[in-house]
Amino acid sequence: MSLNQQHHKESIRYLATAPLHENDSKFICTISEVAYEFLTTNEADFIELLYFKMKNIALRNKILYGLIRCKELELKDFFQKAYKKERYLDMRLLAIHGLAHYASEEEIDKVIDHFLKILMKRPETTPYNYQEYEFLRSAFGLPLLIKKYGYPCFEKALQQVEKQYHAMPEAFKGHFTFDEDGKAVQLRSPNVTKQMIERFFAAQNGH
């Protein structure tokens, strides 16, 4: 057993016995240390249970990122449920990433229909929705799904994202993106982002 596999087994053992403390630094670190490529079916079942118990979005996000890389396991049911559980579109798209590996184009079409309905309401509910949009239009978002599967429904969703993104004021654009591995890439410093957004709201309020 390699050192990585050994470390992975220890992480799973800890998570299986420790109380679910989502704000505990050791618990958070251990979620990150699970080597998803080594997951057995039983371990994946356990990780799925943890995911559905968790309230912490960042931890659920880590689990989704991990499980979409487990191509050898049968996780279709998990990704269908994860899609329904999540409320943010970036998290829903991660679930779609996983689901697309198992589902037919027809099934994905139906999911994207639902996804589009939520997306099109965003300008009313969240007019400056740049965090979600940047993920959806990034190299790891819809463009990666288009590259992998070529489904027209993914193209349609990306066109809608771009339309809504470009309709936003400039102050909310171009702050960050994600590379093809899903890693965040800062395009501006958080300080510059904050200043641009603050200036926009100050101008709106006539200051």
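For the structure, check the block above.
In short, a report on the structure. Predicted model, so just to flag it, every value in this text is computed and none were measured. (Residues numbered from 1 in each chain as written. Predicted model: local features only at pLDDT ≥ 70, side-chain atom pairs only at ≥ 80, totals over all residues. Heavy atoms only, no water.)

**Considering the pattern of salt bridges**
By the definition in use, this model includes 10 salt bridges. In this structure, the salt-bridge partner of Arg137 is Glu162, at a minimum N-O distance of 3.0 Å. Of this pair, Arg137 sits in helix 8 (residues 130-137) while Glu162 sits in helix 10 (residues 152-166); the two residues are 25 residues apart in sequence, bridging distant segments of the chain. Of the residues examined, Arg137 reaches a relative accessible area of 23% and is grouped as partly exposed. We classify Glu162 as partly exposed; its relative accessible area is 21%. Between Lys194 and Glu198 there is a salt bridge, with the nearest N and O atoms lying 3.2 Å from each other. Here Lys194 and its partner Glu198 are both found in helix 11 (residues 190-204), 4 residues apart, which amounts to about one turn of the helix. Looking at Glu198, the relative accessible area reads 44%, which means it is partly exposed. Within the structure, one salt-bridge network assembled from shared partners comprises Glu134, Arg137 and Glu162. (Salt bridge = Lys/Arg side-chain N within 4 Å of Asp/Glu carboxyl O. Helix = DSSP H or I, 4+ residues; strand = E, 2+ residues; numbered from the N terminus. Buried < 20%, exposed > 50% of the residue type's maximum accessible area, 1.4 Å probe, protein only.)

**Details of a negative patch on the surface**
A cluster of acidic residues, Glu105, Glu106, Asp109 and Asp113, forms a negative patch on the protein surface. Positionally, Glu105 belongs in helix 7 (residues 105-125). Its relative accessible area of 35% is what places Glu105 among the partly exposed residues. (Patch = residues over 30% accessible without salt bridge, like charges linked within 9 Å, V, L, I, M, F, W, Y side chains within 5 Å. Areas by Shrake-Rupley, 256 points an atom, 1.4 Å probe, with all protein chains shown as cover. Lys, Arg positive; Asp, Glu negative; His and termini not counted. Charge placed at Lys NZ, Arg CZ, Asp CG, Glu CD.)

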